[in-house]
Amino acid sequence: MPNTIALIAHTSRTVDLTRFASAHAPTLSRYHLMTTAETADRIQAATGLNLEPKLSGSLGEIAAEVASGNVLAVIFLADAIAVPWEPSLDVLLQFCNVHNVALATNLATAEAIVKQLAKTRVAHLIFNPVAGQRDAGQDLLLIRELLEPHLSLKIHSTTPEVEPEQLVKVAIAANADLIIAAGGDGTVSAVAGALIGKSIPLGIIPRGTANAFAVALGIPALLPVRSACQVILANCTQTVDAAYCNNIPMILLAGIGYEANVVETADRALKDRWGTLAYLMAGWQTIDRQEEFEIEIEAEEKVHRFEAGAITIANAAPPTSVLAQGAGEVSIDDGLLDVTVVTAQSKLQAVTTMLRLLGAGITKTQLNQQNVIHGRTRRLKVTTNPPQKVVVDGEIIGTTPIEVKCVPNGLTVLIPASLAS
Ligand SMILES: Nc1ncnc2c1ncn2[C@@H]1O[C@H](COP(=O)(O)OP(=O)(O)OP(=O)(O)O)[C@@H](O)[C@H]1O
């Protein structure tokens, strides 16, 4: 279901169209509205709705939009007296018939259409076309094929210049019922971060390399796009925690030391070439270079000091985020952050510790090892000597010190119905 509605009227019916738009402004505001130039100002002034004005006096542009499949409904209030319709109007009406687009030429039908639309969920899809190694065109086609029969879908593509946060603001301003992030963890985290504290549910379509948040939420990794669309259509919501690290939204985790160095090494070229293996290769290269550093953690009015090579503060983490698995599980809805500090005296100890942490994450059992320390807290401050790089949700954000605080139940997400509590 596309997201555009065309609102048009003969001059004698402009008042009726304006009244109609005013009465149904809450429903109409969730759609992209198109009209002729003369009508746009009038409706906008009376209702506050945003309308895209098309060429004055010509319906050709609107007919072209209908032909391109972008229009959900055309509401055209015609003169009550039978007058010959101008040719461009005939074309518009004919295009609606050919392309099976809902068409109302009187108020009764217009009311019926808008009442139906009031019951339809409007989803804004924020789509990163360059994420991961998948075919973006094919994925978008599949998403439309699966979702459009059930949802009105407004598609926004990210660009290097347009951040997902900006697109979330547009979706919120348009009263979206649901926001869907389709991309890697960078895109998903940015969209989720902009939704912290809002009650609009977030749907996730994993299209990246690691897809850690989708895995943490239990979205199946097999046929990821199809499975994720099924989760979205099932409409099962759950509130989960979010967090801020130095006031930057954090959905997954902050890594200091080893993790930050791995993320920096696993650059775009390595990920494009090796996919998920890029992180393993980067991890192997980084172990040799990783030096221990002094850590001071302030939490719950106590100060803790360590020497270690890695510290991870996690809000959510799949088992593959091994350095977060000190407790064998990171709960996403306990209102707490999981803090894991790992030291290793040799490359062999580092590798065996990470394998054991992976095992702990898979079996959900706490790891009892002297060189792995774990704790939980609602907020903490971490200082290191010397300062260390910090990665938050896969992006380097700067260096220590950092302050991280959990936002309990800060985010509403769509999860598989089978996992709902
Ligand atoms: N149209 C675009 N062209 C180029 N870069 C883009 C575009 N849209 C978004 N980006 C960039 O994509 C990055 C986010 O990518 P994202 O994390 O979603 O995917 P990924 O890097 O492939 O995933 P992963 O981290 O799992 O490998 C951001 O740096 C953003 O600037």
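Rules and cut-offs
Residues numbered from 1 in each chain as written. Predicted model: local features only at pLDDT ≥ 70, side-chain atom pairs only at ≥ 80, totals over all residues. Helix = DSSP H or I, 4+ residues; strand = E, 2+ residues; numbered from the N terminus. Buried ≥ 20, exposed ≤ 12 C-beta atoms within 10 Å, placed from the backbone. Contact = placed C-beta atoms within 7 Å. Expected span 1.5 Å × (residues − 1). Arc of directions from axis to C-beta. Near = placed C-beta within 6 Å. Axes fitted to C-alpha atoms, helices over the stretch in contact; angles between N-to-C directions. Parallel < 35°, antiparallel > 145°, perpendicular 65-115°, else oblique. Left-handed = near helix turned anticlockwise from the far one by under 90°. Nonpolar A, V, L, I, M, F, W, Y, C, P; charged D, E, K, R; others polar. Pairing = 2+ DSSP bridges. Domains from an automatic or database assignment.

- Per an unreviewed UniProt entry, the protein chain goes by the name Lipid kinase and belongs to Aliterella atlantica CENA595.

## A word on the overall build of the protein chain
Argument step 1. Within the protein chain, the regular secondary structure consists of 15 helices and 21 strands.
Argument step 2. Projected onto its principal axes, the C-alpha coordinates of the protein chain cover approximately 90 × 45 × 40 Å.
Argument step 3. Every one of the 421 residues in the protein chain was classed for burial, and the buried ones make up 45%.
Argument step 4. Restricting the contact set of the protein chain to residue pairs at least 6 apart, pairs at least 24 apart contribute 72%.

## What to know about helix 7 (residues 136-147)
Argument step 1. The end-to-end C-alpha separation of helix 7 is 16 Å, in line with the 16 Å expected for twelve residues at 1.5 Å each.
Argument step 2. All of the buried residues in helix 7 are D139, I143 and L147. The buried residues of helix 7 occupy one face: seen down the axis, they fall within an arc of 45°. Exposed side chains of helix 7 directed beyond 90 degrees from the buried face belong to G137, Q138, L141 and E145.

## Thoughts on the site of the ligand
Argument step 1. Taken together, 18 residues lie around the ligand, and G184, G186, T187, G208 and T209 are the ones closest in.
Argument step 2. When residues in the shell around the ligand are grouped by element, the largest group, three residues, is from helix 9 (residues 185-194).

## Focus: the packing of helix 7 against helix 11 (residues 224-234)
Argument step 1. At a closest axis distance of 10 Å, the pairing of helix 7 and helix 11 adopts a crossing angle of 30°. For the element pair helix 7 / helix 11, the angle class is roughly parallel. Between helix 7 and helix 11 lies a crossing whose hand is right-handed. Two secondary-structure elements touch here, helix 7 through D139, L142, I143, L146 and L147 and helix 11 through V225, R226, C229 and I232.
Argument step 2. The residue makeup of the contact of helix 7 with helix 11, split by class, is seven nonpolar, no polar and two charged.

## As for the sheet that holds strand 17 (residues 372-377)
By way of backbone hydrogen bonds, the strands of a sheet pair with one another, either parallel or antiparallel.
Argument step 1. Spatially, the six strands line up as an open sheet ordered 17-16-15-12-19-20, and their pairing is antiparallel. Strands at the two margins of the open sheet, each flanked by one partner only, are strand 17 and strand 20 (395-399). In this sheet, adjacent strand axes meet at a mean angle of 20° when their direction is disregarded.
Argument step 2. Pairing between strand 19 (residues 389-392) and strand 20: four bridges, direction antiparallel.

## Here's the deal with the domain arrangement of the protein chain
Interfaces are frequently sized by the accessible area removed from exposure as the parts join.
Argument step 1. Domain parsing of the protein chain yields domain 1 (4-118), domain 2 (122-235) and domain 3 (250-406).
Argument step 2. Its C-alpha centre places domain 1 at a distance of 30 Å from the equivalent point of domain 2.
Argument step 3. Across the contact, five residues belong to domain 1 and five residues belong to domain 2.
Argument step 4. Of the residues contributing to the side of domain 1 that touches domain 2, the split by class is two nonpolar, two polar and one charged.

## Some remarks on unusual backbone geometry
Argument step 1. Omega for the peptide link from N385 to P386 comes to -5°, which places this bond in the cis form.
Argument step 2. Structurally, P386 can be placed in the loop between strand 18 (379-385) and strand 19.
Argument step 3. T400 connects to P401 through a cis peptide bond whose omega is 10°.
Argument step 4. Phi is positive for L223, close to 45°, though the residue is something other than glycine.
Argument step 5. On the secondary structure map, L223 appears in the loop between helix 10 (212-216) and helix 11.
Argument step 6. The exposed category is assigned to L223, around which 11 C-beta atoms lie within 10 Å.
Argument step 7. The phi angle at N409 is positive, at roughly 50°, despite the residue not being glycine.
Argument step 8. Given 14 C-beta atoms within 10 Å, N409 falls into the partly exposed group.

## Overview of the environment of V322
Argument step 1. In this structure, V322 sits in the loop between strand 15 (310-314) and strand 16 (337-342).
Argument step 2. Linking V322 and A360, residues 38 residues apart in sequence, is a C-alpha distance of 8.6 Å.
Argument step 3. If we ignore the near neighbours within four places in the chain, the residues touching V322 are M354, L357, L358 and G361.

## Notes on the sheet that holds strand 5 (residues 102-104)
Argument step 1. Spatially, the five strands line up as an open sheet ordered 3-2-1-4-5, and their pairing is parallel. Strands at the two margins of the open sheet, each flanked by one partner only, are strand 3 (51-54) and strand 5. In this sheet, neighbouring strand axes are inclined to one another by 20° on average, regardless of whether the strands run parallel or antiparallel.
Argument step 2. Of the pairings in the sheet, the one linking strand 2 (residues 32-36) to strand 3 comprises four bridges and is parallel in character. Within strand 3, the residue paired with M34 across the bridge is E52.

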